[in-house]
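# Examination of the molecular architecture
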Amino acid sequence: MSLAKDIKSILVNEQQIKEICERLGKEITNDYKSKERPIMIGLLKGCVPFLSDLARHIDLPIEIEYMDVSSYHGGISSSGDVKIRKDMNTSVAGRDILIAEDIVDTGRTLDTIVKLLKHRGAKSVEIVTLLDKPAGRVIPFEPKYVGVTIPKEFVVGYGLDYEEIYRNLPYVGILKPEIYTK
Ligand code: IMP
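The structure contained in this document is the topic of the report that follows. (Residues numbered from 1 in each chain as written. Predicted model: local features only at pLDDT ≥ 70, side-chain atom pairs only at ≥ 80, totals over all residues. Heavy atoms only, no water.)

### Remarks on the pairing of strand E6 (residues 124-132)
Applicable threshold: For the exposure calls, accessible area comes from a 1.4 Å probe over protein chains only, and a residue counts as buried if that area is under 20% of its type's maximum, exposed if over 50%, partly exposed in between. The helix and strand labels rest on DSSP assignments: H or I over at least four residues marks a helix, E over at least two residues marks a strand, and numbering proceeds from the N terminus. Strand pairing follows a simple DSSP-based rule, namely that at least 2 bridges must link the two strands. Here is how to tell: hold the view so the strands point away, follow the path from the first strand over the helix to the second, and if it runs clockwise the crossover is right-handed.
Most of E6 is tucked away: eight of the nine residues are buried. For strand E5 (residues 96-104) and E6, the ladder comprises eight bridges, and the chain directions are parallel. Along E6, the bridge assignment pairs Asp96 with Ser124. Crossover E5 to E6 through helix H3 (residues 108-119) is right-handed. Of the strand pairs in this sheet, E6 and strand E7 (residues 145-149) are connected by four bridges, and their pairing is parallel. The residue of E7 that forms the bridge with Asp132 is Thr149.

### Considering the sheet that holds E5
Defined as follows: The angle between two axes is taken between their N-to-C directions and runs from 0 to 180 degrees, where each axis is a line fitted to C-alpha atoms and a helix contributes only its stretch in contact. Note on definitions: a residue-residue contact is assigned when non-hydrogen atoms from the two residues lie within 4.5 Å.
Read from one edge to the other, the open sheet built from six strands follows the order E4-E3-E2-E5-E6-E7, with strand pairing classed as mixed. Only two strands of the sheet have a single neighbouring strand rather than two, namely strand E4 (83-86) and E7. On average, adjacent strands in this sheet sit at an angle of 30° to one another, irrespective of strand direction. In this sheet, strand E3 (residues 63-70) lies alongside strand E2 (residues 39-44) in parallel orientation, the contact comprising six bridges. Its bridge partner being in E3, Leu43 is matched across the sheet by Met67. The strands that H3 touches are E2, E3, E4, E5 and E6; relative to E5, the one it contacts most, it runs at about 170°.

### Notes on helix H1 (residues 14-32)
Each turn of an α-helix holds 3.6 residues, which means side chains three or four residues apart point in the same direction. For clarity, the cut-off: Multiplying 1.5 Å by the helix residue count minus one yields the expected span of that helix. For this quantity, the arc is that covered by the directions from the helix axis to the C-beta atoms.
Helix length check: H1, at 19 residues, gives a terminal C-alpha distance of 27 Å against a target of 27 Å (1.5 Å per residue), a fit within 8%. Residues of H1 that are buried: Ile17, Ile20, Cys21, Leu24, Gly25, Ile28, Thr29 and Tyr32. Projected down its long axis, H1 carries its buried residues within an arc of 155°, all on one side. Where the residues of H1 are buried, they touch strand E1 (7-12), helix H2 (48-55), E5, E6, E7 and strand E9 (172-175).

### Some words on unusual backbone geometry
Look at the link from Leu44 to Lys45: it is a cis peptide, with omega at -5°. Structurally, Lys45 is set in the loop between E2 and H2. A positive phi angle, close to 50°, is found at Glu163, a residue other than glycine. Along the chain, the position of Glu163 falls in the loop between strand E8 (155-156) and E9. Of note, the phi angle at Glu164 is positive, near 75°, even though the residue is not glycine. Locating Glu164 in the fold gives a position in the loop between E8 and E9.

Encoded structure:
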């Protein structure tokens, strides 16, 4: 059974993803070159392909950590209730933090995590996101590094899921509405 048959259209293709990772990697390398061992924190599970591709374009000694934070519960809209399922293993006190995210939608997840990391004493906290969906915001939130701004559509692939499926598509596509309305 093919995954592609559930996709209405491709929004960000493999070549565009490659170019985004190269561009953001260069920018981050330049901005962080005078910082001491920044920590890149990936938010599981959606960050995995993006973090992995992006990190290979950052030419600096960085540490990589993960947190598992949930705001969706299997559906297509955020519950607004952010839970930490798995915390990171290192102290962030006095450290420069770059959070890697697949998509910023309502802004609730990142607003919560940024506040938490600052409360824990992080020296700086910035966001790099592959996708930004500003029309979905309920909390004002501006990620510093954005791969591409997208319209208010439910998208899957390259880490993003619908009910845990489609994360392994190599591109980002708009899911056919009949998949989540049936
Ligand atoms: P926020 O807290 O509403 O900004 O939600 C961010 C999280 O919601 C992301 O890390 C995704 O897990 C999920 N999300 C938001 N929009 C989409 C989408 O279009 N497809 C799949 N997951 C999404």
